[in-house]
Amino acid sequence: MAFDPNAGPPLDEIQWRAPPNFEQGIHANSVLYYFAQSPFFDKTSNNEVVFQQGLNNPNMAQFLATRELFEGRLRSMSGLEFIVAQEPGESGPGAGTGVWVINKQTRRKRQGEDDEIVVHATYFIVGENIYMAPSLADIISARIATVSQTIAKILPIADGVQTWSPAMGRVYQTPTAQAAPAKDARESTPMPESLGKSSTAATSKATNSGLDSRLILQSLMIHDRYGSEYMDENPITGKPGEFQLSSTGRKEKLSVPKPGPLNLKDLPLPALNTKVVESPLAKSGKETKSPKTPSLQKPKRRKSKVATTPS
(Lines give C-alpha, C1' and ligand atoms only; values in the text may rest on other atoms or scores of the structure.)
Protein backbone atom coordinates (compact mmCIF):
# COMPACT_ATOMS: atom_id res chain seq x y z
CA MET A 1 0.00 0.00 0.00
CA ALA A 2 1.47 3.33 -1.11
CA PHE A 3 1.93 6.10 1.43
CA ASP A 4 -0.23 9.18 0.85
CA PRO A 5 1.43 12.37 2.18
CA ASN A 6 -1.92 14.21 2.09
CA ALA A 7 -3.70 11.62 4.24
CA GLY A 8 -2.71 13.37 7.47
CA PRO A 9 -1.83 11.72 10.79
CA PRO A 10 -3.20 8.28 11.69
CA LEU A 11 -6.70 8.27 13.10
CA ASP A 12 -5.58 6.68 16.37
CA GLU A 13 -3.28 9.66 17.00
CA ILE A 14 -5.79 12.49 16.67
CA GLN A 15 -8.48 14.01 18.84
CA TRP A 16 -11.60 15.49 17.26
CA ARG A 17 -14.21 17.75 18.79
CA ALA A 18 -16.80 20.24 17.58
CA PRO A 19 -19.57 22.20 19.32
CA PRO A 20 -22.67 19.98 19.15
CA ASN A 21 -25.55 21.39 17.11
CA PHE A 22 -28.21 19.91 19.40
CA GLU A 23 -30.38 21.56 22.01
CA GLN A 24 -29.41 19.29 24.93
CA GLY A 25 -25.89 18.53 23.75
CA ILE A 26 -24.71 14.93 23.39
CA HIS A 27 -27.25 12.45 24.71
CA ALA A 28 -28.61 9.00 23.86
CA ASN A 29 -30.59 10.12 20.79
CA SER A 30 -27.91 12.42 19.37
CA VAL A 31 -24.61 10.60 20.04
CA LEU A 32 -24.59 8.73 16.69
CA TYR A 33 -25.39 11.92 14.74
CA TYR A 34 -22.56 13.75 16.55
CA PHE A 35 -20.17 10.91 15.74
CA ALA A 36 -21.21 11.05 12.05
CA GLN A 37 -19.63 14.55 11.82
CA SER A 38 -16.16 13.28 12.80
CA PRO A 39 -13.44 12.01 10.43
CA PHE A 40 -13.83 8.56 11.99
CA PHE A 41 -17.21 8.08 10.30
CA ASP A 42 -17.51 6.13 7.03
CA LYS A 43 -20.04 7.50 4.52
CA THR A 44 -20.50 4.07 2.98
CA SER A 45 -21.88 2.55 6.20
CA ASN A 46 -25.50 1.58 6.86
CA ASN A 47 -25.79 4.53 9.24
CA GLU A 48 -25.52 6.94 6.36
CA VAL A 49 -28.02 4.90 4.32
CA VAL A 50 -30.68 4.93 7.08
CA PHE A 51 -30.07 8.63 7.75
CA GLN A 52 -30.57 9.59 4.09
CA GLN A 53 -33.67 7.39 3.83
CA GLY A 54 -35.19 9.07 6.85
CA LEU A 55 -34.61 12.52 5.37
CA ASN A 56 -35.98 11.71 1.92
CA ASN A 57 -38.69 9.12 2.67
CA PRO A 58 -41.48 10.09 5.10
CA ASN A 59 -42.15 6.44 5.87
CA MET A 60 -38.55 6.05 7.08
CA ALA A 61 -38.46 9.22 9.18
CA GLN A 62 -39.66 7.35 12.23
CA PHE A 63 -36.28 5.56 12.51
CA LEU A 64 -34.57 8.89 13.16
CA ALA A 65 -36.68 9.71 16.21
CA THR A 66 -34.84 7.62 18.82
CA ARG A 67 -31.59 5.66 19.02
CA GLU A 68 -33.46 2.43 19.78
CA LEU A 69 -35.37 2.64 16.52
CA PHE A 70 -32.28 3.69 14.58
CA GLU A 71 -30.15 0.80 15.88
CA GLY A 72 -33.09 -1.60 15.40
CA ARG A 73 -33.12 -0.69 11.71
CA LEU A 74 -29.32 -1.24 11.54
CA ARG A 75 -29.65 -4.72 13.07
CA SER A 76 -32.07 -5.72 10.32
CA MET A 77 -29.47 -4.93 7.65
CA SER A 78 -26.19 -6.51 6.61
CA GLY A 79 -22.97 -4.59 6.09
CA LEU A 80 -20.80 -1.97 7.81
CA GLU A 81 -22.35 -0.09 10.74
CA PHE A 82 -21.52 2.13 13.74
CA ILE A 83 -23.42 1.18 16.87
CA VAL A 84 -23.24 2.14 20.55
CA ALA A 85 -21.46 -0.67 22.43
CA GLN A 86 -21.58 0.89 25.91
CA GLU A 87 -23.39 3.82 27.47
CA PRO A 88 -21.99 6.04 30.26
CA GLY A 89 -22.14 4.33 33.65
CA GLU A 90 -24.33 5.89 36.31
CA SER A 91 -22.15 7.20 39.16
CA GLY A 92 -25.16 8.81 40.86
CA PRO A 93 -28.79 9.82 40.33
CA GLY A 94 -28.84 11.45 36.91
CA ALA A 95 -25.02 11.62 36.73
CA GLY A 96 -22.99 9.52 34.31
CA THR A 97 -19.33 9.17 33.47
CA GLY A 98 -19.81 10.90 30.11
CA VAL A 99 -17.91 8.16 28.23
CA TRP A 100 -19.59 6.57 25.22
CA VAL A 101 -18.14 3.52 23.44
CA ILE A 102 -18.92 3.07 19.73
CA ASN A 103 -17.92 0.05 17.66
CA LYS A 104 -17.24 -0.04 13.94
CA GLN A 105 -18.33 -3.49 12.85
CA THR A 106 -19.58 -5.60 9.98
CA ARG A 107 -22.82 -7.58 10.34
CA ARG A 108 -23.60 -10.68 8.32
CA LYS A 109 -27.01 -12.33 8.41
CA ARG A 110 -27.28 -16.09 8.89
CA GLN A 111 -30.48 -18.12 8.59
CA GLY A 112 -31.70 -19.58 11.85
CA GLU A 113 -28.65 -18.36 13.76
CA ASP A 114 -27.38 -15.21 15.36
CA ASP A 115 -25.75 -12.59 13.20
CA GLU A 116 -22.01 -12.81 12.62
CA ILE A 117 -20.33 -9.62 13.83
CA VAL A 118 -16.73 -8.62 13.14
CA VAL A 119 -15.48 -5.56 15.07
CA HIS A 120 -12.96 -3.43 13.16
CA ALA A 121 -12.35 -0.49 15.54
CA THR A 122 -13.54 1.05 18.79
CA TYR A 123 -14.03 4.76 19.57
CA PHE A 124 -14.51 6.71 22.80
CA ILE A 125 -16.51 9.89 23.25
CA VAL A 126 -15.39 11.71 26.41
CA GLY A 127 -17.41 14.87 26.80
CA GLU A 128 -17.10 16.44 23.34
CA ASN A 129 -13.80 14.72 22.45
CA ILE A 130 -13.68 11.63 20.24
CA TYR A 131 -10.70 9.23 20.34
CA MET A 132 -9.89 6.04 18.47
CA ALA A 133 -8.74 3.17 20.64
CA PRO A 134 -5.43 1.65 19.52
CA SER A 135 -5.40 -1.94 18.37
CA LEU A 136 -3.68 -4.75 20.29
CA ALA A 137 -0.95 -4.92 17.66
CA ASP A 138 -0.23 -1.20 18.08
CA ILE A 139 -0.04 -1.55 21.88
CA ILE A 140 2.39 -4.50 21.67
CA SER A 141 4.46 -2.68 19.05
CA ALA A 142 4.70 0.41 21.26
CA ARG A 143 5.76 -1.67 24.26
CA ILE A 144 8.42 -3.47 22.23
CA ALA A 145 9.73 -0.15 20.91
CA THR A 146 9.97 1.23 24.45
CA VAL A 147 11.84 -1.85 25.67
CA SER A 148 14.26 -1.78 22.72
CA GLN A 149 15.02 1.90 23.27
CA THR A 150 15.72 1.29 26.95
CA ILE A 151 18.03 -1.64 26.16
CA ALA A 152 19.82 0.47 23.55
CA LYS A 153 20.58 3.04 26.26
CA ILE A 154 21.72 0.45 28.82
CA LEU A 155 24.13 -1.49 26.59
CA PRO A 156 26.67 1.36 26.06
CA ILE A 157 26.66 2.08 29.81
CA ALA A 158 27.23 -1.60 30.67
CA ASP A 159 29.98 -1.84 28.06
CA GLY A 160 31.76 1.19 29.53
CA VAL A 161 32.01 -0.17 33.09
CA GLN A 162 33.42 -3.61 32.23
CA THR A 163 36.93 -4.80 31.49
CA TRP A 164 38.14 -8.18 30.33
CA SER A 165 41.40 -10.00 30.86
CA PRO A 166 42.44 -13.64 30.32
CA ALA A 167 43.20 -14.07 34.03
CA MET A 168 40.20 -12.33 35.62
CA GLY A 169 37.61 -12.56 32.88
CA ARG A 170 34.95 -9.85 32.88
CA VAL A 171 35.25 -7.36 35.74
CA TYR A 172 32.60 -4.72 36.30
CA GLN A 173 33.39 -1.42 37.97
CA THR A 174 30.76 0.55 39.84
CA PRO A 175 30.43 4.01 38.28
CA THR A 176 31.29 6.81 40.67
CA ALA A 177 28.73 9.50 41.35
CA GLN A 178 29.56 12.94 40.05
CA ALA A 179 30.43 15.55 42.62
CA ALA A 180 27.73 18.11 43.29
CA PRO A 181 28.52 21.61 41.97
CA ALA A 182 29.75 24.11 44.50
CA LYS A 183 27.00 26.32 45.86
CA ASP A 184 27.07 30.05 45.76
CA ALA A 185 28.46 31.79 48.83
CA ARG A 186 25.17 33.59 49.26
CA GLU A 187 23.31 30.29 49.37
CA SER A 188 25.71 28.88 51.98
CA THR A 189 25.28 31.88 54.28
CA PRO A 190 23.22 30.71 57.28
CA MET A 191 19.90 32.42 57.79
CA PRO A 192 18.52 33.29 61.24
CA GLU A 193 16.50 30.09 61.24
CA SER A 194 19.59 28.00 60.57
CA LEU A 195 21.43 29.95 63.28
CA GLY A 196 18.66 29.01 65.69
CA LYS A 197 19.01 25.37 64.66
CA SER A 198 22.79 25.46 65.14
CA SER A 199 22.43 27.02 68.60
CA THR A 200 19.90 24.33 69.53
CA ALA A 201 22.32 21.66 68.36
CA ALA A 202 25.12 23.21 70.43
CA THR A 203 22.87 23.32 73.51
CA SER A 204 21.90 19.68 73.11
CA LYS A 205 25.56 18.76 72.66
CA ALA A 206 26.49 20.59 75.86
CA THR A 207 23.64 18.88 77.71
CA ASN A 208 24.82 15.48 76.50
CA SER A 209 28.39 16.24 77.62
CA GLY A 210 27.05 17.27 81.07
CA LEU A 211 25.15 13.98 81.33
CA ASP A 212 28.26 12.04 80.33
CA SER A 213 30.40 13.73 82.99
CA ARG A 214 27.68 13.10 85.57
CA LEU A 215 27.54 9.41 84.68
CA ILE A 216 31.32 9.14 84.88
CA LEU A 217 31.33 10.76 88.34
CA GLN A 218 28.55 8.45 89.53
CA SER A 219 30.41 5.40 88.23
CA LEU A 220 33.58 6.46 90.04
CA MET A 221 31.66 6.91 93.28
CA ILE A 222 30.10 3.44 93.01
CA HIS A 223 33.50 1.94 92.26
CA ASP A 224 35.09 3.73 95.23
CA ARG A 225 32.32 2.49 97.54
CA TYR A 226 31.76 -1.06 96.32
CA GLY A 227 34.91 -1.72 94.33
CA SER A 228 36.26 -4.19 96.90
CA GLU A 229 33.41 -6.62 96.33
CA TYR A 230 34.15 -9.30 93.77
CA MET A 231 32.43 -12.41 92.48
CA ASP A 232 34.19 -15.76 92.81
CA GLU A 233 33.17 -19.34 92.20
CA ASN A 234 30.51 -18.97 94.90
CA PRO A 235 27.73 -16.96 93.16
CA ILE A 236 26.81 -13.70 94.83
CA THR A 237 23.27 -12.32 94.78
CA GLY A 238 21.78 -9.06 95.91
CA LYS A 239 22.50 -5.45 95.16
CA PRO A 240 25.68 -3.44 95.80
CA GLY A 241 26.26 -3.12 99.54
CA GLU A 242 24.03 -6.11 100.37
CA PHE A 243 25.63 -8.99 98.48
CA GLN A 244 24.91 -12.51 99.75
CA LEU A 245 26.65 -15.76 99.05
CA SER A 246 23.97 -17.89 97.45
CA SER A 247 25.44 -21.29 98.31
CA THR A 248 26.19 -20.75 102.05
CA GLY A 249 23.59 -18.18 102.88
CA ARG A 250 26.19 -16.10 104.69
CA LYS A 251 25.68 -12.39 104.62
CA GLU A 252 28.95 -10.71 105.02
CA LYS A 253 30.79 -8.00 103.28
CA LEU A 254 33.89 -9.08 101.52
CA SER A 255 36.38 -6.35 102.06
CA VAL A 256 40.01 -6.10 101.22
CA PRO A 257 41.99 -3.83 103.55
CA LYS A 258 43.34 -0.89 101.76
CA PRO A 259 47.07 -0.39 102.18
CA GLY A 260 47.94 2.72 104.18
CA PRO A 261 50.68 5.19 103.43
CA LEU A 262 54.20 3.77 103.65
CA ASN A 263 56.37 5.42 106.41
CA LEU A 264 60.08 4.57 106.28
CA LYS A 265 60.65 5.71 109.87
CA ASP A 266 58.45 2.94 111.29
CA LEU A 267 60.34 0.15 109.52
CA PRO A 268 62.91 -1.62 111.87
CA LEU A 269 66.47 -1.64 110.60
CA PRO A 270 68.42 -4.97 110.70
CA ALA A 271 71.33 -5.21 113.25
CA LEU A 272 74.80 -5.09 111.82
CA ASN A 273 77.30 -7.91 112.76
CA THR A 274 80.64 -6.25 113.58
CA LYS A 275 82.56 -9.38 114.70
CA VAL A 276 85.47 -10.54 112.58
CA VAL A 277 85.61 -14.26 111.95
CA GLU A 278 89.22 -15.56 111.98
CA SER A 279 90.23 -18.09 109.39
CA PRO A 280 91.64 -21.45 110.73
CA LEU A 281 94.43 -21.24 108.23
CA ALA A 282 95.91 -18.29 110.00
CA LYS A 283 96.57 -20.28 113.24
CA SER A 284 98.24 -23.44 111.76
CA GLY A 285 100.01 -21.82 108.88
CA LYS A 286 99.27 -24.81 106.75
CA GLU A 287 96.92 -25.13 104.01
CA THR A 288 94.32 -27.72 104.37
CA LYS A 289 94.54 -30.36 101.77
CA SER A 290 91.53 -31.65 100.12
CA PRO A 291 90.96 -35.31 100.80
CA LYS A 292 92.29 -37.60 98.15
CA THR A 293 89.87 -39.42 96.09
CA PRO A 294 90.58 -43.13 96.44
CA SER A 295 91.89 -44.51 93.18
CA LEU A 296 90.53 -47.63 91.76
CA GLN A 297 93.11 -50.44 92.35
CA LYS A 298 93.22 -53.55 90.25
CA PRO A 299 92.25 -56.65 92.13
CA LYS A 300 95.20 -59.04 92.80
CA ARG A 301 95.06 -62.47 91.32
CA ARG A 302 95.48 -65.37 93.69
CA LYS A 303 98.21 -67.90 92.89
CA SER A 304 96.93 -71.36 92.48
CA LYS A 305 98.85 -74.08 94.29
CA VAL A 306 100.04 -76.96 92.18
CA ALA A 307 99.14 -80.25 93.74
CA THR A 308 102.06 -82.72 93.84
CA THR A 309 101.39 -86.33 93.38
CA PRO A 310 103.61 -88.71 95.40
CA SER A 311 105.81 -90.87 93.30
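Look above for the structure.
On a predicted model such as this, the values are computed, not experimentally measured, just so you know.

(A) The pairing of strand β5 (residues 116-126), seen in detail. Note that strand β4 (residues 99-108) and β5 share 10 bridges and pair antiparallel. Along β5, the bridge assignment pairs Val99 with Val126. Bridging between β5 and strand β6 (residues 129-132) involves 4 bridges; their strand directions are antiparallel. Bridging across to β6, Tyr123 finds its partner in Met132. If you look at the hairpin formed by β5 and β6, you'll find 2 residues sitting between the two strands, and Gly127 has a positive phi there, around 65°.

(B) Summary view of the packing of helix α2 (residues 46-56) against helix α3 (residues 67-75). One can describe the packing of α2 onto α3 by two numbers: an axis separation of 10 Å at closest approach and a directional angle of 120°. If you check the angle between α2 and α3, you find them oblique. The interaxial crossing formed by α2 with α3 has right-handed handedness. Here Asn46, Asn47, Val50, Phe51 and Gln53 of α2 come into contact with α3, specifically with Phe70, Arg73 and Leu74. In terms of residue class, the contact of α2 with α3 is made up of 4 nonpolar, 3 polar and 1 charged.

(C) Spotlight on the pattern of salt bridges. Here the structure, examined in full by the defined rule, presents 8 salt bridges. Here Glu87 makes a salt bridge to Arg67, at a shortest N to O gap of 2.1 Å. In this pair, Glu87 is assigned in the loop between β1 (79-86) and β2 (90-92) and Arg67 in helix α3, connecting sequence segments 20 residues apart. Measuring nitrogen to oxygen at the nearest pair gives 3.1 Å for the salt bridge that ties Asp115 to Arg107. Accessibility expressed as a relative area gives 23% for Asp115, which makes it partly exposed. Arg107 gets classed as buried once you look at its relative accessible area, which sits at 6%. By sharing partners, the salt bridges in this structure join Arg67, Glu71, Arg75 and Glu87 into a single network.

(D) The arrangement of a nonpolar patch on the surface in detail. Residues Leu136, Ile139, Ile140 and Ile144 make up a contiguous nonpolar surface patch of roughly 390 Å² in combined accessible area. Along the polypeptide, Ile144 turns up in helix α4 (residues 136-160).

(E) Region of the structure containing the sheet that holds β4. Pairing is antiparallel in the open sheet, where 4 strands are placed in the order β1-β4-β5-β6. Of all the strands in the sheet, just β1 and β6 have a single pairing partner and so form its edges. In this sheet, adjacent strand axes meet at a mean angle of 30° when their direction is disregarded. Its contacts with the sheet put α3 on β1 and β4, and the angle it makes with β1 is roughly 140°.

(F) Spatial organisation of empty space enclosed by the protein. Under the counting rule described, the total for this entry stands at 1 cavity of 30 Å³ or more. Estimates place the volume of the largest cavity at around 40 Å³. Mapped by element, the contributors of at least two residues to the lining of the largest cavity are α1 (31-35) and α3. For the lining of the largest cavity, the element with the highest residue contribution is α1, accounting for 3 residues. Counted by class, the lining of the largest cavity contains 7 nonpolar, 3 polar and 1 charged residues.

What counts and what doesn't
- Residues numbered from 1 in each chain as written.
- Predicted model: local features only at pLDDT ≥ 70, side-chain atom pairs only at ≥ 80, totals over all residues.
- Heavy atoms only, no water.
- Pairing = 2+ DSSP bridges.
- Helix = DSSP H or I, 4+ residues; strand = E, 2+ residues; numbered from the N terminus.
- Axes fitted to C-alpha atoms, helices over the stretch in contact; angles between N-to-C directions.
- Parallel < 35°, antiparallel > 145°, perpendicular 65-115°, else oblique.
- Left-handed = near helix turned anticlockwise from the far one by under 90°.
- Contact = heavy atoms within 4.5 Å.
- Nonpolar A, V, L, I, M, F, W, Y, C, P; charged D, E, K, R; others polar.
- Salt bridge = Lys/Arg side-chain N within 4 Å of Asp/Glu carboxyl O.
- Buried < 20%, exposed > 50% of the residue type's maximum accessible area, 1.4 Å probe, protein only.
- Patch = residues over 30% accessible without salt bridge, like charges linked within 9 Å, V, L, I, M, F, W, Y side chains within 5 Å.
- Areas by Shrake-Rupley, 256 points an atom, 1.4 Å probe, with all protein chains shown as cover.
- 1 Å grid on protein atoms, 1.4 Å probe; cavity = no way out; pocket = protein on both sides within 12 Å on 5 of 7 lines; lining within 4 Å.
- Points joined across faces, edges and corners; volume = space filled by probe spheres on them.

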